[in-house]
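Breakdown of the fold
Residues per chain, in single letters:
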Amino acid sequence: MRLQIEVHPRYPQHQLRKLCKDNHIAVIAYSSLGIGDLLHHPIVLQVARDTQHTAAQVLLRWGLQQGCAVIPKSSNKQHIDEASPNNLLSWELNQQQMQALDSMEDGHKYCWDPSTVL
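Quick look at the structure, then.

1. Re the overall build of the chain
Per the secondary structure count, the chain includes 6 helices and 3 strands. Helices and strands in the chain line up, N terminus first, as β-α-β-α-α-β-α-α-α. Seen through its principal axes, the chain has C-alpha atoms that stretch 45 × 30 × 25 Å. Here the chain holds 118 residues, and 37% of them are scored as buried. Within the chain, counting contacts between residues at least 6 apart in sequence, those at least 24 apart form 71% of the total. Surface accessibility of the chain: about 7,500 Å² in total, with carbon and sulfur atoms responsible for 53%. Considering the chain, the positive charge centre built from 10 side chains and the negative charge centre built from 11 side chains are found 5 Å apart.

What follows is the structure, given as structure tokens:
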């Protein structure tokens, strides 16, 4: 089974992801870039500079290292190439970089709120 949910450093959904892991449900993260807003966050930009990768690659890599599948959306050929497996799986964020990104957690959602659906 799979569950597609909003996951990014500001809204990592720890409890729901743990429940999924405990029940062998794969998590597919959407809105990994925070509808583009997270591409300009100072922490993301610093990690991008430190790793010599784009902000988008840093956010997608963070999601992968959190155990999520990521589904970036783009019609831009350069962005699609940046998000290719060759460009996301050939490197890792170190513990300090992951902790910096984790520190962004504030519960902010960018997409719809499923708690309002009956």
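From this point, things continue past the structure.
2. Overview of the pattern of salt bridges
Applying the stated criterion across every chain yields a total of 5 salt bridges. A salt bridge links Asp 37 to Arg 10, with the shortest nitrogen-to-oxygen separation between them at 3.7 Å. Note that Asp 37 is positioned in the loop between β2 (26-30) and α2 (42-51) and Arg 10 in the loop between β1 (2-6) and α1 (14-22), a separation of 27 residues in sequence. Judged by its relative accessible area of 41%, Asp 37 falls in the partly exposed class. We note a salt bridge from Arg 10 to Asp 106, for which the minimum N-O separation is 2.7 Å. Here the residue Arg 10 occupies a position in the loop between β1 and α1, and Asp 106 occupies one in the segment after α6 (95-102), the gap between them amounting to 96 residues. You can call Arg 10 buried: its relative accessible area is 16%.

3. Digging into the packing of helix α3 (residues 55-65) against α6
Look at α3 against α6: their axes get within 11 Å of each other, and the N-to-C directions meet at 100°. Judged on the interaxial angle alone, α6 and α3 are roughly perpendicular. Contacts between α3 and α6 involve Val 58, Trp 62 and Gln 65 on the former and, on the latter, Met 98, Leu 101 and Asp 102. Of the residues contributing to the contact of α3 with α6, the split by class is 4 nonpolar, 1 polar and 1 charged.

The rules behind each value
- Residues numbered from 1 in each chain as written.
- Predicted model: local features only at pLDDT ≥ 70, side-chain atom pairs only at ≥ 80, totals over all residues.
- Heavy atoms only, no water.
- Helix = DSSP H or I, 4+ residues; strand = E, 2+ residues; numbered from the N terminus.
- Buried < 20%, exposed > 50% of the residue type's maximum accessible area, 1.4 Å probe, protein only.
- Contact = heavy atoms within 4.5 Å.
- Areas by Shrake-Rupley, 256 points an atom, 1.4 Å probe, with all protein chains shown as cover.
- Lys, Arg positive; Asp, Glu negative; His and termini not counted.
- Charge placed at Lys NZ, Arg CZ, Asp CG, Glu CD.
- Salt bridge = Lys/Arg side-chain N within 4 Å of Asp/Glu carboxyl O.
- Axes fitted to C-alpha atoms, helices over the stretch in contact; angles between N-to-C directions.
- Parallel < 35°, antiparallel > 145°, perpendicular 65-115°, else oblique.
- Nonpolar A, V, L, I, M, F, W, Y, C, P; charged D, E, K, R; others polar.

Interpretation note: all reported values are geometric properties and have no functional meaning in isolation.
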